[in-house]
Amino acid sequence: MNMDGTSTSSDCPGIESPLLNNFVGGAVDYKGRPVLRSKSGSWRSAYFICGVGLAERFAYNGVSSNLITYLTGPLGQSTAKAAEIVNAWSGTTLLLPLVGAFIADAFLGRYLTIIIASLLYVLALALLAFSTLIPSDCTSAIDGSSCSPQLQVIIFFISLYLVAFAQGGQKPCVEAFGADQYDVDDPEELKSKSSFFNWWFFGLCSGTTISIFVLSYVQDNISWGLGFGIPCVIMGFALVIFLFGTMTYRFGEKTQEKNSFRRISHVFVTAARNWRFLNKVLVSPDGSNEDVTVCSADEVEEAKAVLRLIPIWVSCLAYGIVFSQTSTLFTKQGATMDRSMGSTFEIPPATQQSFINLSVIILIPISDMPSLKQKDSTLLESTDC
């Protein structure tokens, strides 16, 4: 293939014919072969990936949104203890994507990590549903007492943290793998990539909202086993759909360069070891350029980019503290309200969490309207951003 988008036939040397379907640079298919633009990536692949992302949010929120109700109900924990358990588990789930991203980036790749995490999800949810079927001798938690350790509690907490590990592999990989399906060097695909992130978040919020509405009602009024079992089935079905799209996916070509975690950590370790600022690690301590610890300019810029994110992370702490209350005390407070609609139906307290996602579901289609996107593009051009 030549640079002008033509190819030379091996049967007729010197005769060039235009390629109707040009190859995507830097991408290969699942067998390691170059991929054609018209038969891979973009929305034809993103639909499969969005499916597993939506199912993951459905499954995760099916557990997290009503977890405090299960802890204070069937497991007999006090409200304070249950809130502590939920916050500790939620904090763990937020940290584990760092581990999952490292494993995917350094060893397994995003595609394989998604498959393994999905299988772990199915196993964890199946165990979670099974734990609810084990007879419990817990009494009511009104007196604030909690249950003594037993088989049901042990299996429950093992499966709960397996869910945390599973989402730790899923969360950093699915969205990034979806973004990999778009070629940033192609103007049309670059435009579609911008819409992908909007609709990706729309799908996540949709899965979360449906999960909160449906599963919280099932868990409160029908069966906790069924309430945890439905996400298990949905997650397994989504994994099958994800695998169906394998032949359309674009995979990044393997290179010999170090993964991003090793590159960035190498810069910080080198700077700390030699008591230098980041710019100084471009030069070896003895003034020569032969020292193996010298970092490249690109590695230093990557490290600086990470440091620029710290103020953003810190500013999110206050929001995180408030947001964590929605799945604990906010839900317990909702349980004390009059939630009846008619003579027989009562709104589950956990459904109040859905208002956050409903606002996103309403606003994203508006923000993705062509007229608004054109105005945004004009504003960026006028400000030289």
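For the structure itself, look to the data block above.
One structure accompanies this document, and this report is about it. Remember, it's a predicted structure, so these values are computed and weren't measured experimentally.

Two strands pair when backbone bridges link them, and strand 3 (residues 23-28) and strand 4 (residues 34-36) are joined in this way by two bridges, in the antiparallel orientation. Residue pairing across strands places Val 28 opposite Pro 34, the latter belonging to strand 4. Hairpin remark: strand 3 followed by strand 4, antiparallel, with five residues in the connecting loop; positive phi at Gly 32, about 85 degrees. Sheet analysis places strand 3 next to strand 5 (residues 251-252), joined by two bridges and oriented antiparallel. Looking across to strand 5, one finds that Val 28 is bridged to Phe 251.

Another point: helix 1 (residues 42-64). For helix 1, with 23 residues, the first-to-last C-alpha span of 32 Å sits near the 33 Å given by 1.5 Å per residue. Along helix 1, 17 of the 23 residues are buried, which leaves the element largely enclosed by surrounding structure.

Taken together, the side chains of Val 99, Phe 102, Ile 103, Phe 107, Leu 108, Leu 112, Ile 116 and Phe 261 make up a nonpolar region of the molecular surface, amounting to roughly 680 Å² of accessible area. Elements represented by at least two residues in the nonpolar patch include exactly helix 3 (79-108) and helix 4 (110-131). Top element by residues in the nonpolar patch is helix 3. It accounts for five residues. Secondary-structure assignment places Val 99 in helix 3.

Cut-off values and rules
Residues numbered from 1 in each chain as written. Predicted model: local features only at pLDDT ≥ 70, side-chain atom pairs only at ≥ 80, totals over all residues. Heavy atoms only, no water. Pairing = 2+ DSSP bridges. Helix = DSSP H or I, 4+ residues; strand = E, 2+ residues; numbered from the N terminus. Expected span 1.5 Å × (residues − 1). Buried < 20%, exposed > 50% of the residue type's maximum accessible area, 1.4 Å probe, protein only. Patch = residues over 30% accessible without salt bridge, like charges linked within 9 Å, V, L, I, M, F, W, Y side chains within 5 Å. Areas by Shrake-Rupley, 256 points an atom, 1.4 Å probe, with all protein chains shown as cover. Salt bridge = Lys/Arg side-chain N within 4 Å of Asp/Glu carboxyl O.

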